[in-house]
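Fold and geometry: a report
Spelled out, the chains give:
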Amino acid sequence: MQPFTRHTGLVVPLDRPNVDTDAIIPKQYLKSVRRTGFGPNLFDDWRYLDPGEPGMDHGRRRENPDFVLNQPRYRGATILLARDNFGCGSSREHAVWALMDYGIRVVIAPSFADIFYNNSFKNGLLPVVLPAETVDRLFRAVGAREGYRLTVDLERQEVETPEGERLAFEIEPFRRHRLLQGLDDIALTLQHADEIRAYERRRMREAPWLFQDLLAAETGR
Amino acid sequence: MPAQTLYDKLWEAHVVREEPDGTALLYIDRHLVHEVTSPQAFEGLRLAGRRVWRPATALAVPDHNVPTTDRSRGIADPVSREQVETLERNVREFGITEFGMEDPRQGIVHVIGPEQGATLPGMTVVCGDSHTSTHGALGALAFGIGTSEVEHVLATQCLVQKKSRVMLVQVDGETPPWVTAKDIALAVIGAIGTAGGTGHAMEFAGAAIRALSVEGRMTLCNMSIEAGARAGMVGVDEKTIEYVRGRPFAPRGRLWEQAVAAWGDLHSDAGARFDRVVCLDAGDLEPQVTWGTSPEMVAPVSGRVPDPEAESDEVRARGMRRALEYMGLEPGTALADIAVDKVFIGSCTNSRIEDLRAAAAVVRGRRVAPNVRLAMVVPGSGLVKRQAEAEGLDRVFREAGFEWREPGCSMCLAMNADRLEPGERCASTSNRNFEGRQGQGGRTHLVSPAMAAAAAVAGHFVDVRELAEV
Ligand code: SF4
């Protein structure tokens, strides 16, 4: 996984609450069996005027000029400013892959849906929770000044504004550690393989019915 | 021992180890797998040269992409076909049980888990799918995960998790006739909002919940993710045990006795502490209909489309305006005056046998209204379909003008050929009314199966109780 330490980038404001993962990456693109290539279809229904299908040449489609990502001043943004409950709905990790593939490294919002929040950390996308009033203030600042950039420092757990303000954010220590180092979760867990086996032995005595083999049950035991 | 919640008990029984900050390695008993969220996970295993820790705990099924029409010619869309075939290759390579498209037991992953006894009380159940919360109806800890976590469970049988807070949704009183689990779910979401349960596991309790069948409890737990809660659950009672008894993968003989004895403890203790409690009286509830593009945008069927100008919160008002524009609705319109173009009865929320029975009871002897272009019933599994046919429900639907389809997710998310055209309005028993969910530009109104059936025969939304009485 890509580690995250500190990032400075242009901010794009997406001013709606409850942005769901269906909107972030519509279902027709979930048919892909890969993790990459979702960037051109990030927010597909909002971003283009014509209906999109996998396999199209998305560079030739008609963009919706009203959609914020398409406005020239926000091209190349790497920080997404959002409202409450960002990433709600489906568990599709494709939403995180699409944001990353587009170039987004940080999403700032007053709150995130749980699964999306979790998925972000597995891919090196940093979700930053700031109080609703602060986010509101940032929305106004971004709108007021073209080329508005923020710096997000995971080490210090701070967002730095161009005015020199430092906005502290919370993050669980274990998640922060893994993201800073870009650690592979599976490799970390497998370091505890003996403990997993010990748990299984104990559990097999306590709840043996949980250790029935589906395959064996299928074939008549 | 201090009083514990059901969630506490389920959590504690599955902790393998814990970090100082409370992050735990949680053991997973059942892993359900479908074709959309798993390919990248298997690919990850392959790239890292890893094997599956306990293949016997996983059960795979294709459901999102499968056609609901004649399957003898396979899947027409080559991209969908590749995804389903990829699943087949992966389960073969890694030794996982799969109910393939031709298997009579195939169906929506959240319908077949409980139906097969593959999900049991006291288990931790995960799937790369947010509606995994459904399985919590059996007194399990069940929640949706992303693809990286699917890979993690495959490789380690564990997940890295932090304990959630716990919310109690206490639903007392007696639910009026024709008011269903779906209506309770929508009313709860309407009351607390789609982010109301964020960071929480949600337990449903109270007289109205005990009165629900296990299938109804599944509908309720299914929708808890729509209230922001990753897991929903109901404590085990006699109904749970009776539901599980004799299912193909349920324990038998001495193991069954042992399991039932252990399951007796799977409820919150008296005096257990919850982080938040929400109370609702089921006696006050009416059938619900959503009017917007988020499940929290919901009202009783006797109600009207609300006016954004009356909303004091500016962000919310903007959301409402946008939703009404998308839905093509004017503030103040009576919900009963909204005509529908299509009706979809199906999805992991409402496609079990009781759902089909309820819908058929409304439809029997009536015809789908002429303005309804398509009314379809998509059973949740091959076995539900077979059962419904044995009861003659397929004939009731067909004679009324409904299409009777093969099992799958279908128009719940329109990944297969079943979808709404731009501007089409649908009465749907599914769980999400997001923009474009059932097809780009499609307009979804979430309702119960009986309400969807009523809308099909009336051609517009109507209180099912008006139809049921005549
Ligand atoms: S029926 Fe709908 S909500 Fe349920 S698993 Fe399928 S797509 Fe997801």
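**Re the overall build of chain A**
- Regarding its fold elements, chain A presents nine helices and seven strands.
- Across its three principal directions, the C-alpha atoms of chain A cover 65 × 45 × 25 Å.
- For chain A, the residues scored as buried account for 60% of the 221 residues in total.
- In the form shown here, chain A has an accessible surface area of approximately 9,100 Å², with 48% of it arising from carbon and sulfur atoms.
- The distance from the centre of the 31 positive side-chain charges to the centre of the 33 negative ones in chain A is 2 Å.

**Observations regarding the overall build of chain B**
- Looking only at helices and strands, chain B has 16 helices and 19 strands in total.
- Over its C-alpha trace chain B gives a radius of gyration of 21 Å, about what one expects of a compact globule, namely 23 Å for 470 residues.
- Along the longest, intermediate and shortest principal axes, the C-alpha atoms of chain B span 55 × 55 × 45 Å.
- A buried classification covers 69% of the 470 residues belonging to chain B.
- In chain B, 76% of the contacts between residues at least 6 apart in sequence involve partners at least 24 apart.
- Counting 50 positive and 63 negative side-chain charges, chain B places the averaged centre of each group 3 Å from the other.

**Brief notes about the site of the ligand**
All names here are of chain B.
- Around the ligand, the structure places His 64, Ile 108, His 110, Asp 129, His 131, Ser 347, Cys 348, Cys 409, Cys 412, Leu 413, Asn 431 and Arg 437.
- A majority-of-atoms criterion places the ligand in the largest cavity.
- Of the residues in the shell around the ligand, the class split is five nonpolar, five polar and two charged.

**Concerning the pattern of salt bridges**
Residue and element names in this part refer to chain B.
- All told, the structure shown has 56 salt bridges over all chains when counted by the stated rule.
- For Glu 242, the salt bridge identified is with Arg 245, shortest N-O distance 2.9 Å.
- Taking relative accessible area as the criterion, Arg 245 reaches 44% and is therefore assigned partly exposed.
- Linking Glu 311 and Arg 316 is a salt bridge whose minimum nitrogen-to-oxygen distance equals 3.6 Å.

**So, helix 10 (residues 253-263) of chain B**
Residues and elements named next belong to chain B.
- Listing the buried residues of helix 10 in full gives Trp 256, Ala 259 and Trp 263. Take helix 10 and look down its axis: the buried residues cluster within an arc of 65°, on one side only. Residues of helix 10 that are exposed and point more than 90 degrees away from the buried face comprise Arg 254, Glu 257 and Ala 261.
- Close packing links the buried residues of helix 10 with helix 9 (238-244).

**Comments concerning the interface of chain B and chain A**
- Counting residues at the interface gives 90 residues for chain B and 63 residues for chain A.
- A buried area of about 6,300 Å², summed over both sides, lies between chain B and chain A, and 55% of it is on carbon and sulfur atoms.
- Per-residue buried area on chain B facing chain A is highest for Gln40(B), Trp53(B) and Gln440(B); these three make up 10% of the total on that side.
- On inspection of chain B and its partner chain A, the count reaches seven salt bridges.
- Note that Glu53(A) is salt-bridged to Arg419(B), the shortest N-O span being 3.8 Å.
- Run the count over chain B and chain A and you get 33 residue pairs in polar contact (both at pLDDT 80 or more).
- By residue number, the principal contributor to the side of chain B that touches chain A is helix 5 (residues 147-156) of chain B, which donates seven residues.

**Digging into helix 5 of chain B**
Residues and elements named next belong to chain B.
- With ten of ten residues buried, helix 5 is to be regarded as a mostly interior element.
- Those residues of helix 5 that fall on the buried side of the exposure criterion are Thr 147, Ser 148, Glu 149, Val 150, Glu 151, His 152, Val 153, Leu 154, Ala 155 and Thr 156.
- Looking one or two residues beyond helix 5, the residue adopting positive phi is Gln 157, at roughly 65°.

**Observations regarding empty space enclosed by the protein**
- Tallying each qualifying case throughout the model produces seven cavities of 30 Å³ or more.
- In this structure, the largest cavity occupies an estimated 220 Å³ of space.
- Taken together, 24 residues form the lining of the largest cavity, with His64(B), Asp129(B), His131(B), Leu413(B) and Arg437(B) sitting closest to its centre.
- Residues of the lining of the largest cavity, tallied by class, amount to eight nonpolar, eleven polar and five charged.
- Its boundaries defined by the atoms lining it, the second largest cavity holds a volume of some 80 Å³.
- Surrounding the second largest cavity, Asn85(A), Gly87(A), Cys88(A), Gly89(A), Ala113(A), Asp114(A), Ile115(A), Thr194(B), Thr198(B), Ile225(B) and Gly228(B) form its lining.
- For the lining of the second largest cavity, the class distribution of residues is four nonpolar, six polar and one charged.

**Examining the nonpolar core**
- Residues Phe43(A), Phe86(A), Leu99(A), Leu126(A), Val343(B), Phe397(B) and Phe402(B) are the most contacted members of the largest nonpolar core, which totals 115 residues.
- Among the elements that take part in this core, helix 15 (residues 449-458) of chain B stands out by supplying eight residues, more than any other.
- For Phe86(A), the contacting residues outside a window of four places in its chain are Leu14(A), Val19(A), Ile24(A), Leu80(A), Leu99(A), Val107(A), Ala109(A), Ser111(A), Phe112(A), Ala113(A) and Phe116(A).
- Among the nonpolar cores identified, the runner-up in size contains 107 residues, and Ala24(B), Val109(B), Ala185(B) and Ile241(B) belong to it.

**Quick word on the sheet that holds strand 2 (residues 24-27) of chain B**
Residues and elements named next belong to chain B.
- Across the sheet, which stays open at both edges, the three strands sit in the order 1-2-8 with antiparallel pairing between neighbours. Of all the strands in the sheet, just strand 1 (15-18) and strand 8 (158-161) have a single pairing partner and so form its edges. If you compare each strand with its neighbour and ignore which way they point, the axes differ by 20° on average.
- Relative to strand 8, strand 2 is paired through four bridges, and the arrangement is antiparallel. From the neighbouring strand, Tyr 27 faces strand 8, where its bridge partner is Cys 158.

**Some details on unusual backbone geometry**
Residues and elements named next belong to chain B.
- In this structure, Gln 157 takes a positive phi of about 65° despite not being glycine.
- Along the polypeptide, Gln 157 turns up in the loop between helix 5 and strand 8.
- One non-glycine residue, Trp 178, lies in the positive phi region at around 70°.
- One can find Trp 178 in the loop between strand 9 (165-172) and helix 6 (181-192).
- A relative accessible area of 30% places Trp 178 in the partly exposed class.

**Observations regarding the state of the cysteines**
- Summed over the entire model, instances satisfying the criterion amount to zero disulfides over all chains.
- For Cys88(A), which is in no disulfide, the shortest distance to another cysteine sulfur is to Cys412(B) and amounts to 15 Å.

**Here we look at the side chain of Thr161(A)**
Residue and element names in this part refer to chain A.
- Mapped onto the elements of the fold, Thr 161 is located in the loop between strand 6 (158-160) and strand 7 (166-168).
- Look at Thr 161 and you get buried, because its relative accessible area is 7%.
- Once residues lying within four places of it in the same chain are set aside, the contact partners of Thr 161 are Leu 138, Tyr 148, Leu 150 and Leu 167.

**What about the pairing of strand 1 (residues 6-13) of chain A?**
Residue and element names in this part refer to chain A.
- Within strand 1, six of the eight residues are buried, which leaves it mostly tucked inside the rest of the structure.
- As judged from the five bridges shared by strand 1 and strand 5 (residues 149-153), these two strands associate in the antiparallel manner. Note on strand 5: the bridge partner recorded for Leu 10 is Arg 149.
- Where strand 1 lies against strand 2 (residues 79-81), three bridges are found, and the strand directions are parallel. Its bridge partner being in strand 2, Val 11 is matched across the sheet by Ile 79.

Each value, and the rule that gives it
Residues numbered from 1 in each chain as written. Chains lettered and ligands numbered in written order. Predicted model: local features only at pLDDT ≥ 70, side-chain atom pairs only at ≥ 80, totals over all residues. Heavy atoms only, no water. Helix = DSSP H or I, 4+ residues; strand = E, 2+ residues; numbered from the N terminus. Buried < 20%, exposed > 50% of the residue type's maximum accessible area, 1.4 Å probe, protein only. Areas by Shrake-Rupley, 256 points an atom, 1.4 Å probe, with all protein chains shown as cover. Lys, Arg positive; Asp, Glu negative; His and termini not counted. Charge placed at Lys NZ, Arg CZ, Asp CG, Glu CD. Rg over C-alpha atoms; globule rule 2.2 N^0.38 Å. Contact = heavy atoms within 4.5 Å. Near = heavy atom within 4 Å. 1 Å grid on protein atoms, 1.4 Å probe; cavity = no way out; pocket = protein on both sides within 12 Å on 5 of 7 lines; lining within 4 Å. Sits in = over half its atoms within 2 Å of the grid points. Nonpolar A, V, L, I, M, F, W, Y, C, P; charged D, E, K, R; others polar. Salt bridge = Lys/Arg side-chain N within 4 Å of Asp/Glu carboxyl O. Arc of directions from axis to C-beta. Buried area = accessible area lost by both parts, 1.4 Å probe. Polar contact = N/O pair within 3.5 Å; in protein donor to acceptor, adjacent residues only side chain to side chain. Points joined across faces, edges and corners; volume = space filled by probe spheres on them. Core = buried A, V, L, I, M, F, W, Y, C linked by side-chain atoms within 4.5 Å. Pairing = 2+ DSSP bridges. Axes fitted to C-alpha atoms, helices over the stretch in contact; angles between N-to-C directions. Disulfide = S-S within 2.5 Å.

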